Every structure is written in structure tokens, then in C-alpha cells.
Amino acid sequence: MTMSKREYLRKLYLLQDLDLLIQQVKDPEYEAKTGLKVEEERIADLERKRNELAKELLKADPVTYQRYEMLKRRYGRGITRVVNHMCTNCFAALPASLTPRDDEVVTCPNCGIILIWLE
Amino acid sequence: MLKELLREDRVILDMKAKTKEEALKELVDVLDLSEEKKEILFKSLMQREILGSTGIGKGIAIPHSRSIVVDNITLVVGVSKEGVDFDSLDGKPVHLFFMLIATPNDPSMKYLTALGSIARVSRAIAHEGEIRTDFSSPKELIDYILEHDHE
């Protein structure tokens, strides 16, 4: 793996942002409620961009990437922020020993989601 | 719904921005977030704009995003007296901004409902013709918005 874990996680939540955006604009309720229509061609461009990033992440760390995809199917997202030493997916308090690491992707011991600490 | 989201400390009465990028940065800047989180949020909002402007026409824009950086659904309202070129559908400058940010997981559909409410209020404001920009206090702007919130 050539990129650092921190860089990897930054790219992973960018991927999640793209996944959420694609999901949002493809939801028929979105256009119905907002009146905002997104052209199919633009969604296709965004999906291409998403898939390029996914390919890069899969190559760099296949285990973490596949975990992200599995968690996304389960929870609707694969990565979440730690706030006040709490997982913001399942709201479990995290063990004091759990801290951000440069050499390993950290996951929630309760729900398994990938954790990120943002300043 | 909108009443719960409108806060006097999340209002800009006289935006300085001249461009889309500057406007989004100015709106994001209102939030009590670290520079890192502001940058993430700005990129997320810009990504949505690439898909097509959220300037819905008649001087109103609704930039929006779901982002990892917020803990709750968040609304910022901004007024630009001079107007901002936002690539709006009708090409007109934007005077009234509603920036809505939601958390990545939104099981209650609160985000889409809020977006729908904002779109409805925007249409009601636009229907009157010229958008007011002469608010003397955040409360006055909030009252103006709520006057147009007819469920």
C-alpha cells in the first residue's frame, strides 16, 4: 500500500460523499420535492469519477475497501466520525485505548464501522 | 420544520461574495467548524454544483449536501444585496441563499423533507416578485422566511 492510512481514509470519505450524492440525485423523491433535475449524463460522469476513486482504493487496500462496501450495504455508510470518543454510527462509547493509528484502519468494536478522527 | 432549523446565529444579512465559490465559502464560514471540516464541506457542496446549479432561479439558491462533518441537520441563510452569479437556471444573480447540510445517515428522511420545505418557501418568495434584501436583523429575515412557510 503506497498511501498512508490517513490519506486513505480521507479518500474513503470522499468516496462516501460521492456515493451519498449519487444516491440522493437518483432518488425520485429528490426531484419531486425540490424541483431540481439532474441530467442523466452528469450522473454518469459522476459515477465514472466515483468508480475511478473506488478502483484506486480497492488497489491500495482491498480489505478495507471491501469492508466499506459491506458496511455501506448494512448501514447506508461505511465510515463515520468519532465525536467525544463515541462512534457516530451506533453511538457506543469507545474504549479509551482506541485512538487513531497511522499503521492500521480503526473500526468500532461495537458495530464494525470504519472510524475517522477529524480535527 | 423550517422553524426548527432557522437560527439567528446562522444568518448573514449582507454577504460580500461575488462568485459561487466565494458564496459557498462565506456560508460555510458561519458554522463553528475546524478549517479541515470547512474545506471538506466546501468540496462536497461544489461537487453537487458540478451536477447542475442549485440556483433555482428568481434570485434564490439552495446549495445542499450530506456530509460527514456535521452532527445534525444544519441550515444557513444568506442575503446578498448586490447578488451573486451562481449559474442559476434563469441566469439571474442570487440574492437569497439557503444552505442545507445533513448527516450522512438520515433514516427519518428529515433532509429531503427540509429540502422540500425550503423549495416550497423559495417558490412562495419568488412568486411575490422582487426578493427583499433590506433586513435590519437576523430575526427580521427569519420572520420573512416563516411568513412564506405555508404547509
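In the block above lies the structure referred to throughout.
I will try to describe carefully the structure that is included in this document.

Quick notes on the overall build of chain A
Thinking step 1. Secondary structure summary: chain A contains 4 helices and 3 strands in total.
Thinking step 2. For chain A, the succession of helices and strands along the chain, N to C, is α-α-α-α-β-β-β.
Thinking step 3. Taking contacts inside chain A between residues at least 6 apart in sequence as the whole, the part at least 24 apart equals 57%.
Thinking step 4. Per element, the accessible surface of chain A, about 6600 Å² overall, is 49% carbon and sulfur.
Thinking step 5. Computing the positive centroid from 20 side-chain charges and the negative centroid from 19, chain A places the two 3 Å apart.

Thoughts on the interface of chain A and chain B
Thinking step 1. Contact residues are listed per partner, giving 30 residues for chain A and 29 residues for chain B.
Thinking step 2. Across the chain A to chain B interface the summed buried area is about 2600 Å²; carbon plus sulfur atoms make up 57%.
Thinking step 3. By the criterion of area lost to chain B, the three top residues of chain A are Lys33(A), Leu36(A) and Arg81(A), representing 22% of everything that side buries.
Thinking step 4. At the surface where chain A touches chain B, the tally comes to 3 salt bridges.
Thinking step 5. A salt bridge links Glu36(B) to Arg10(A), with the shortest nitrogen-to-oxygen separation between them at 2.5 Å.
Thinking step 6. Broken down by secondary-structure element, the contributors of at least two residues to the side of chain A that touches chain B are helix H1 (5-26), helix H2 (28-34), helix H3 (40-60) and strand S1 (79-83) of chain A.
Thinking step 7. Considering every element that reaches the side of chain A that touches chain B, the biggest residue donor is H1(A), with 11 residues.
Thinking step 8. Within the side of chain A that touches chain B, the residues separate by chemical class into 14 nonpolar, 5 polar and 11 charged.

A closer look at the environment of Pro100(A)
Residues and elements named next belong to chain A.
Thinking step 1. Relative to the assigned elements, Pro100 resides in the loop between strand S2 (86-87) and strand S3 (114-116).
Thinking step 2. The exposure class of Pro100 is exposed, given its relative accessible area of 52%.
Thinking step 3. Pro100 sits 18 residues away from Leu118 along the chain, and the two C-alpha atoms are 9.9 Å apart.

Brief notes about the nonpolar core
Thinking step 1. Counting 93 residues, the largest nonpolar core has Leu115(A) and Leu141(B) as the members making the most contacts within it.
Thinking step 2. The residues contacting Leu141(B), other than those within four sequence positions of it, are Val11(B), Leu13(B), Val77(B), Val79(B), Leu96(B) and Phe135(B).

Digging into the packing of H1(A) against helix H3 (residues 35-50) of chain B
Packed helix pairs are specified by the crossing angle of their axes together with the interaxial distance, meaning the distance between the axes.
Thinking step 1. Between H1(A) and H3(B), the least distance of the axes is 11 Å, while the angle of their chain directions is 35°. Considering the relative orientation of H1(A) and H3(B), their crossing is right-handed. Across the interface between the two elements, Arg6(A), Arg10(A), Tyr13(A), Asp17(A), Leu18(A), Leu21(A), Gln24(A) and Val25(A) of H1(A) pack against Glu36(B), Ile40(B), Ser44(B), Gln47(B) and Arg48(B) of H3(B).
Thinking step 2. For the contact of H1(A) with H3(B), the per-class residue count stands at 5 nonpolar, 3 polar and 5 charged.

Observations concerning unusual backbone geometry
Thinking step 1. Positive phi, close to 55°, is recorded for His85(A), a residue that is not glycine.
Thinking step 2. The exposure class assigned to His85(A) is partly exposed, which follows from its relative accessible area of 27%.

So, how was this worked out
Residues numbered from 1 in each chain as written. Chains lettered and ligands numbered in written order. Predicted model: local features only at pLDDT ≥ 70, side-chain atom pairs only at ≥ 80, totals over all residues. Heavy atoms only, no water. Helix = DSSP H or I, 4+ residues; strand = E, 2+ residues; numbered from the N terminus. Contact = heavy atoms within 4.5 Å. Areas by Shrake-Rupley, 256 points an atom, 1.4 Å probe, with all protein chains shown as cover. Lys, Arg positive; Asp, Glu negative; His and termini not counted. Charge placed at Lys NZ, Arg CZ, Asp CG, Glu CD. Buried area = accessible area lost by both parts, 1.4 Å probe. Salt bridge = Lys/Arg side-chain N within 4 Å of Asp/Glu carboxyl O. Nonpolar A, V, L, I, M, F, W, Y, C, P; charged D, E, K, R; others polar. Buried < 20%, exposed > 50% of the residue type's maximum accessible area, 1.4 Å probe, protein only. Core = buried A, V, L, I, M, F, W, Y, C linked by side-chain atoms within 4.5 Å. Axes fitted to C-alpha atoms, helices over the stretch in contact; angles between N-to-C directions. Left-handed = near helix turned anticlockwise from the far one by under 90°.

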